[in-house]
Amino acid sequence: MNAGEIGKVKLNLAMLEDINDDMDFCLKLAKEESVIILPGIAVRLKNWLRVTFAIEFCLLQEGLGRVKVFCQRHAKKQ
């Protein structure tokens, strides 16, 4: 099993519909895609995400794919 940290990611809320802040993003992501990411507000970084992992690489890829699908679903229409 691998473990580590990908890092911190800044949310660009201007590009997302129906997402109010980092907490809202994380709660909806967990509900819709069963992916858990720590909202930055938990470490005093509002509208950031703290991405960590403790799973096999193939499962990490699957989870990040789910995050991508979630972001595409919530992207503002151009």
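Refer to the preceding data block for the structure.
In what follows, the accompanying structure is described. Everything numeric here is computed off the predicted structure, so don't read it as measured data.

Conventions and cut-offs
- Residue positions are given per chain, counted from 1 along the sequence in the order it is written.
- Only residues with pLDDT of at least 70 are given local features in this predicted model, and only at 80 or more are side-chain atom pairs given and counted; all residues enter the totals for whole chains, interfaces and linings.
- Calculated side-chain values reflect all of the structure's heavy atoms, with hydrogen atoms and water omitted.
- Disulfides are defined as pairs of cysteine sulfur atoms found within 2.5 Å of each other.
- The salt bridge definition used is simple: a Lys or Arg side-chain nitrogen within 4 Å of an Asp or Glu carboxyl oxygen.
- Strands here are runs of E lasting at least two residues and helices are runs of H or I lasting at least four, both read from the DSSP assignment and numbered beginning at the N terminus.
- Categorising residues by exposure relies on relative accessible area from a 1.4 Å probe, with only protein chains included: less than 20% of the type maximum marks a residue as buried, more than 50% marks it as exposed, and the intermediate range marks it as partly exposed.
- Think of each axis as a best-fit line through the C-alpha atoms, taken over the contacting stretch in the case of a helix, with angles from 0 to 180 degrees between the N-to-C directions.
- Working definition: roughly parallel below 35 degrees, roughly antiparallel above 145 degrees, roughly perpendicular at 65 to 115 degrees, and oblique for all remaining angles.
- Handedness of a helix crossing follows the sense of rotation of the near helix relative to the far helix, less than a right angle counterclockwise being left-handed and clockwise being right-handed.
- Only heavy atoms enter the contact rule, under which two residues are in contact if any of them lie within 4.5 Å.
- Throughout, nonpolar core names a set of buried Ala, Val, Leu, Ile, Met, Phe, Trp, Tyr and Cys residues whose side chains join them through atoms within 4.5 Å.

## Remarks on the state of the cysteines
Phase 1: Summed over all chains, the structure comprises zero disulfides.
Phase 2: Cysteine C26 is unpaired, with the sulfur of C71 as its nearest cysteine sulfur at 10 Å.

## Description of the pattern of salt bridges
A side chain of one charge can pair with a side chain of the opposite charge if their charged atoms are brought near each other.
Phase 1: Taken as a whole and assessed by the stated rule, the structure comprises five salt bridges.
Phase 2: For E33, the salt bridge is made with R73, and the minimal N-O distance between the two is 2.6 Å. Of this pair, E33 sits in helix 1 (residues 22-33) while R73 sits in helix 2 (residues 57-74), and the two are 40 residues apart along the sequence.
Phase 3: Since its relative accessible area comes to 14%, E33 is described here as buried.
Phase 4: With a relative accessible area of 39%, R73 lands in the partly exposed category.
Phase 5: One salt bridge connects E62 with R66, and the closest N-O pair in it is separated by 2.7 Å.

## A closer look at the packing of helix 1 against helix 2
Phase 1: Between helix 1 and helix 2, the least distance of the axes is 10 Å, while the angle of their chain directions is 110 degrees. Regarding the angle of helix 1 to helix 2, the classification is roughly perpendicular. In this structure, helix 1 crosses over helix 2, and the sense of that crossing is right-handed. Here F25, K28, L29, E32 and E33 of helix 1 come into contact with helix 2, specifically with R66, V67, V69, F70, C71, R73 and H74.

## Here's the deal with the nonpolar core
Phase 1: Formed by L11, L16, I19, F25, C26, L29, V35, I37, L49, V51, V67 and F70, the largest nonpolar core amounts to twelve residues.
Phase 2: Put simply, the parts of the chain that give this core at least two residues each are helix 1, strand 3 (48-53) and helix 2.
Phase 3: Per element, the largest residue contribution to this core is three residues, and it comes from helix 1.
Phase 4: Excluding residues that lie within four positions of it along the chain, I19 makes contacts with L13, D24, F25, K28, F70 and H74.

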